[in-house]
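# Observations on chain architecture
Okay, here's what each chain looks like letter by letter:
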Amino acid sequence: MASILHSLILFSLITLSLALDLSSGRSNEDVMTLYEKWLVKHHKVYNGLGEKEQRFQIFKDNLKFIDEHNAQNHSYRVGLNEFADITNEEYRMNFCTRTSSIKNKIISSERYAYKIDDSEILPASVDWRWAFGPIKKQGSCGACWAYSVVAAMEAINKIVTGKFVNLSVQELVDCDRKFNKGCKGGFMGHAFEFIIENGGLDSEEDYPNQEREGKCDQAKKNTKVVSIDGYENVTRYNENALKKAMAHQPVTVAFEASGRALQLYQSGVFSGNCGTSLDHGVVVVGYGSENGIDYWLVRNSWGTNWGENGYFKIERNYRYNRGGKCGIAMFPAYPVKHAQNSAITKLADEKIQVLVTSV
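My aim in this report is to walk through the structure given alongside it, one point at a time. Residue numbering note: each chain is counted from 1, following its sequence as written. With pLDDT at 70 or above as the cut-off, local features in this predicted model cover only qualifying residues; side-chain atom pairs require 80 or more to be listed or tallied, and sums for whole chains, interfaces and linings still use all residues. Here the side-chain values reflect all heavy atoms present in the structure, with hydrogen atoms and water set aside.

### Overview of the overall build of the chain
Helix and strand counts for the chain stand at 11 helices and 11 strands. Across the 359 residues in the chain, those meeting the buried criterion constitute 52%. Whether two residues touch is decided by their heavy atoms; if any such pair falls within 4.5 Å, the residues are in contact. Excluding contacts between residues fewer than 6 apart, the proportion of contacts in the chain whose partners are at least 24 apart in sequence is 76%. Only the protein chains shown count as cover for residues, with accessible areas throughout obtained via the Shrake-Rupley method and a probe of 1.4 Å. Summed over its atoms, the accessible surface of the chain is roughly 16800 Å², and 51% of this surface lies on carbon and sulfur atoms. Secondary structure elements are defined from DSSP: runs of H or I of at least 4 residues count as helices, runs of E of at least 2 residues count as strands, and each element is numbered from the N terminus. To sort residues, take the accessible area from a 1.4 Å probe on protein chains only and compare it with the maximum for the residue type: under 20% means buried, over 50% means exposed, and anything in between is partly exposed.

Here it is as structure tokens:
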């Protein structure tokens, strides 16, 4: 009975395969060649019975979506990134995590508040990528909130001190559990509060990333190599205020990333359909214009095989929602740092001499 059922499933998959080939205009051999090359590029190995064939069908369905999208006149392209063998449902389940509930009242800072008669002249474009280290990869751990906060903290430390220190995401995942939920989601504001209360963060080298939840290492939690003086919220629902803040430093944001087009995003300015059900935390690292479309430049935490080497552009000055495209202007926040890391522990001071990279 089991063998008959397996044969029926396989027959159905083959039938679907042929149908997809006809509708996509690609031969089955062409698609299989793409698939095999893609498997090698992304180091994919499947161990389950029939899983390679099942993933092939999903791959072909995504390829059909890609071909149809790119044949039209869009401001962005989609492609065979490392999410090309999963369904949108799997993608949403593993890589888009709802932010945790906000426990404290959000008070916006006046530091970068936008005023109509504001005399500050902002640059036409900004790019803070020089202040960051390599793109990190969160895997299927839904701790995007931690990656967003750590990246923003690494950047402001580089901007203020002139030195880059790779900080521990794992410390936040393991130890910041008062309100945040590790791989099950969190909120950037709570993470900033944890860092301030703790007096700083340990290094990535000392407290390395595991891409999963673990038990908080108290000794490493007490080792602080970089500190911040506070954090502030940008005026919500105001892209002009976000632009003003961005002219001074990178800013953490949340947005809705659950759509299939963002799953398979490759390049260009994303202007596709999305709502404001915030499910992913990232860092806005710049802004500019491309082919007449204003955009935010955003750093993600899905590795360099997604998007433009781990970054993406998303439409700016969105007319149809005060919260910005995909809700990007709903909860912006940034860390505050005034001077050198004077309050770090003695042990951390010894380690930091090895960890920092001068400009």
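That was the structure; now back to the text.
### What about the packing of helix H2 (residues 28-41) against helix H3 (residues 51-70)?
Axis definition: a line fit to C-alpha positions, over the contact stretch in the case of helices; interaxial angles, taken between N-to-C directions, run 0 to 180 degrees. Direction vectors running N to C along H2 and H3 enclose 110°, while the axes themselves pass 11 Å from each other. Our classification of the angle between H2 and H3 gives roughly perpendicular. Two secondary-structure elements touch here, H2 through Asn-28, Val-31, Met-32, Leu-34, Tyr-35, Glu-36, Trp-38 and Leu-39 and H3 through Lys-52, Arg-55, Phe-56, Phe-59, Lys-60 and Leu-63. When residues are grouped by polarity, Ala, Val, Leu, Ile, Met, Phe, Trp, Tyr, Cys and Pro land in nonpolar, Asp, Glu, Lys and Arg in charged, and all others, Gly among them, in polar. Each residue belonging to the contact of H2 with H3 can be placed in one class, and the counts come to nine nonpolar, one polar and four charged. An angle counts as roughly parallel when it lies under 35 degrees, as roughly antiparallel when it exceeds 145, as roughly perpendicular when it falls between 65 and 115, and as oblique in every other case.

### Describing the pairing of strand S9 (residues 311-315)
For S9, the tally of buried residues reaches five of five residues, placing the bulk of the element in the interior. In terms of strand pairing, strand S6 (residues 265-270) meets S9 through two bridges, oriented parallel. Bridge pairing in S9 links Phe-270 to Ile-314. Both strand S8 (residues 293-299) and S9 contribute to a ladder of five bridges, which runs antiparallel. Considered in S9, the bridge of Val-298 is made with Phe-312. Should DSSP find at least two bridges between two strands, the strands are taken to pair.

### Some thoughts on the packing of aromatic side chains
Aromatic ring pairs are described here by two measures, namely the spacing of the ring centres and the angle between the planes. Here the aromatic set is Phe, Tyr and Trp, taking the six-membered ring for Trp, and pairing holds for ring centres within 6.5 Å; pairs whose planes are under 30 degrees apart are stacked, those over 60 apart are edge-to-face, and all others are tilted. As enumerated under the stated definition, the model contains 21 aromatic pairs in all. Aromatic side chains Tyr-265 and Phe-312 sit 6.0 Å apart centroid to centroid with 70° between the ring planes, which places their arrangement in the edge-to-face category. Highlighted residues: Tyr-265 in strand S6 and Phe-312 in strand S9, separated in sequence by 47 residues. Residue classification places Phe-312 among the buried residues on the basis of a relative accessible area of 0%. Joined through ring pairs, the aromatic side chains of Phe-83, Tyr-91, Phe-95, Phe-255, Tyr-265, Trp-302, Trp-306 and Phe-312 make up one cluster. Over a ring means this: the NZ of a Lys or the CZ of an Arg is within 6 Å of the ring centre and within 35 degrees of the ring normal. Directly above the ring of Tyr-207 sits Lys-220, whose terminal nitrogen or CZ lies 5.7 Å from the centroid.

### Looking at the nonpolar core
In this description, a nonpolar core means a group of buried Ala, Val, Leu, Ile, Met, Phe, Trp, Tyr and Cys residues linked to one another through side-chain atoms lying within 4.5 Å. Judged by nonpolar contacts, the single largest core of 60 residues is most densely connected at Tyr-91, Phe-132, Phe-255, Trp-296 and Ile-314. It is strand S7 (residues 280-290) that contributes the most residues to this core, five residues altogether. Residues within four places of Tyr-91 in sequence aside, it is in contact with Phe-83, Ile-86, Cys-96, Ala-257, Ser-258, Gly-259, Leu-262, Gln-263 and Trp-302.

### Topic: the state of the cysteines
In what follows, a disulfide is any cysteine sulfur pair within 2.5 Å. What the rule picks out here adds up to three disulfides. For Cys-175, the disulfide goes to Cys-216, at an S-S distance of 2.0 Å. Torsion about the S-S bond of the Cys-175 and Cys-216 cystine: about 95°, corresponding to right-handed handedness. Taken together, the residues span a long stretch of sequence, with Cys-175 in helix H6 (residues 169-175) and Cys-216 in the loop between helix H7 (188-198) and helix H8 (218-221) at a distance of 41 residues. The residues Cys-175 and Cys-216 share a single accessibility class, namely buried. Regarding the disulfides, the chain carries the connectivity 1-3, 2-4, 5-6 under sequence-order numbering of its bonded cysteines. In this structure Cys-96 is not part of a disulfide, and its nearest cysteine sulfur, from Cys-144, lies 8.2 Å away.

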